[in-house]
2 protein chains.
Amino acid sequence: MVDRLHEATQELPFRKRMLELMLGAQDSICAALQAIEDERQSGRHFQTDLWEHPEAGGGRTRVLSGGACFEKGGVNVSAVRGSFPPDFAAKLPGSGTEFFATGVSLVLHPLNPHVPTVHANFRYIEQGDARWFGGGADLTPYYFQAEDKEHFHSVWRELCERHADVADHARFRDWCDRYFYLPHRGERRGVGGIFFDYLQVSDAEPDKLEHTAAFVQEGTGSFLDAYLPIVKRRLDTAYTAEQKQWQEYRRGRYVEFNLLYDRGTLFGLKTGGRVESILMSLPPTVRWRYASGDSEPPPGSAEHELLEQLRRPPPPEDTV
Amino acid sequence: MVDRLHEATQELPFRKRMLELMLGAQDSICAALQAIEDERQSGRHFQTDLWEHPEAGGGRTRVLSGGACFEKGGVNVSAVRGSFPPDFAAKLPGSGTEFFATGVSLVLHPLNPHVPTVHANFRYIEQGDARWFGGGADLTPYYFQAEDKEHFHSVWRELCERHADVADHARFRDWCDRYFYLPHRGERRGVGGIFFDYLQVSDAEPDKLEHTAAFVQEGTGSFLDAYLPIVKRRLDTAYTAEQKQWQEYRRGRYVEFNLLYDRGTLFGLKTGGRVESILMSLPPTVRWRYASGDSEPPPGSAEHELLEQLRRPPPPEDTV
């Protein structure tokens, strides 16, 4: 089934192990999400598509649409070997343009506006002699709930604390808040989580390689711990048509972020990635309305409370 | 009412004249669109917002939402004096970074999927000693109608033919097809129209300045001739919920184009333009669905016919 992805590894053991990690994470995450749909007897299932990258490798995309819990959810694994465009390669830690990359990436858009949207991504990249890990997870609620934010953050904080030799929670948390920011709106995309990139390891540091891989592996497992309790807590909250419209309106910000700023999306689209797998992150239904001053949610409303959470400047640049 | 816009002209007569041209175009276009809503007794009206640019000048934005004909429509005039970012300025015909710009820009998203979306824009820019005009209009149907395309193109062709000393229809038509193209989708945004930029005139050519201004002025008037007959022909066509969904799905491409590629949108957002006036171009309701091979519209369907029109490579680069 996934021979094409394995091809990209050229049978190198560490590459193979990382690919298996990503495929295993996709399996366990999709199984847990599917179980929620099955419990609700929605009759909707993840659909799997295998695709080939024009250079070498490809991906396994799984998407579920029209579910009782997930209006649209996608979990994608890819393993690709190829050449970065030279100007892009020059900005990366390694030398040359040849690369190998494998990762798992997911975005879930719940039907119920009381259940937050979530994104997570974990990736392993080799370029020349350099190798590094990147990833993260962030939560985008439509109605702010302090306990959901606290729970989500606590899982990632505890993960980082267990891997403190390679993971700095405060730094990764702030990095997330800076990355998922819409400068033209002066808004954060959501209530944060963690984000990290260029976690570099050299062949001279075999211990660090193992420690970083262990952090990322456990991170893929932490995703369900971070998100599922929130889903279960909010899934049966009743909602009005106005609340659904608010969710669809706020989903517009998700589209704006992904198409204007998200490095992964822009890089994928401009280098011939599979468009439907990249844009599976876009919400199923979205609204844009023209907003002048008098269309602001009134102070004291739940909608206003969310905006107060999001309209905070990002943390200052990392000085490390 | 529009003192702030006039301020940006520094009372220079040609700047004032161009601003008046844009304001007049906005007035006449909005009046004609409003008349359609009034005929249908929708009770919806264009709402006017005046806004200030942080440097000098500002804009007059008019938006109508929830109409019987126009689900969302915006017509914006701006007049701004300021400094371009240096790397942006270096790519433009003039010298230095100081500029004056005024223009009218509109996007109309009809409720009925049988009525095409339309965009038009006309602008006048000064940078150092250089001055130039740009603009265009393009039609984005959800169901292809050869006679609508032919009519729309014929108005712009005849306009160019009347101003053949400054306007080359074949070149402007091809420029439009190249500009409104989504490379990641391999699709044109719509069925074309005209697009032109950097129509330069120097002070040594007073006749050319007048001729180009006359072309642009008549162009703002041609918009209603190009679009209204199509609206009137299609507005009463009955449509199904599936056809509405197809329109909302295709509107996703409009969002993708505007946020990924449109120079005006990206420039405005990144240089502190008024966000709601820039993003008034985004459709009111939009859908993204995950499309794998088996979700293609079947050959022979009207949806498939549209895709056949759009999935054509853009014309080769202009060699003039």
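In this text the structure is predicted, and so the values were computed from the model without any measurement.

Colleague: Which parts of the structure should I look at to understand the sheet that holds strand β3 (residues 70-83) of chain B?
Modeller: What links the strands of a sheet is backbone hydrogen bonding, and the strands pair in either a parallel or an antiparallel sense. Residues and elements named next belong to chain B. Strand order across the open sheet formed by seven strands is β1-β2-β3-β4-β5-β6-β9, with antiparallel pairing between neighbours. Looking along the sheet, the strands with just one partner apiece sit at the ends: β1 (47-52) and β9 (192-201). With direction set aside, neighbouring strand axes in the sheet form an average angle of 5 degrees. Sheet topology note: the β3/strand β4 (residues 98-110) ladder contains 13 bridges and is antiparallel. Bridged to R81 within β4 is F100. In the packing of helix α5 (residues 169-179) onto the sheet, contacts are made with β6 (130-140) and β9, and the angle to β9 comes to roughly 110 degrees.

Colleague: Sorry, what's going on with helix α10 (residues 302-310) of chain B here?
Modeller: What sets the pattern is the α-helix's 3.6 residues per turn: residues three or four places apart point alike. All names here are of chain B. Of the residues making up α10, those classed as buried are E303, H304, L306, L307 and L310. End-on view of α10: buried residues confined to an arc of 155 degrees, all on one side of the axis. Those residues of α10 that are buried are in contact with β8 (187-188) and α7 (241-260).

Colleague: I tried to follow the interface of chain B and chain A on my own but got confused; where do I start?
Modeller: Interfaces are often sized by the accessible area lost when the parts come together. At the interface, 31 residues of chain B touch 31 residues of chain A. Across the chain B/chain A interface, buried area totals approximately 2,800 Å², and carbon plus sulfur atoms make up 60% of it. For chain B, the biggest contributors to the area lost against chain A are E276, W288 and Y290 of chain B; these three give 29% of the whole. Where chain B packs against chain A, one counts two salt bridges. Residue R185 of chain A pairs with E276 of chain B through a salt bridge whose shortest N-O separation is 2.9 Å. Elements represented by at least two residues in the side of chain B that touches chain A include exactly β1, β2 (56-65), α7, α8 (263-270), α9 (275-278) and β10 (285-287) of chain B. For the side of chain B that touches chain A, the leading source of residues is α7 of chain B, giving four residues. Across three bridges, strand β10 (residues 285-287) of chain A lies against β10 of chain B in antiparallel orientation. When the sheet's bridge partners are listed, R287 of chain A is paired in β10 of chain B with T285 of chain B.

Quick notes on the rules
- Residues numbered from 1 in each chain as written.
- Chains lettered and ligands numbered in written order.
- Predicted model: local features only at pLDDT ≥ 70, side-chain atom pairs only at ≥ 80, totals over all residues.
- Heavy atoms only, no water.
- Pairing = 2+ DSSP bridges.
- Helix = DSSP H or I, 4+ residues; strand = E, 2+ residues; numbered from the N terminus.
- Axes fitted to C-alpha atoms, helices over the stretch in contact; angles between N-to-C directions.
- Contact = heavy atoms within 4.5 Å.
- Buried < 20%, exposed > 50% of the residue type's maximum accessible area, 1.4 Å probe, protein only.
- Arc of directions from axis to C-beta.
- Buried area = accessible area lost by both parts, 1.4 Å probe.
- Salt bridge = Lys/Arg side-chain N within 4 Å of Asp/Glu carboxyl O.

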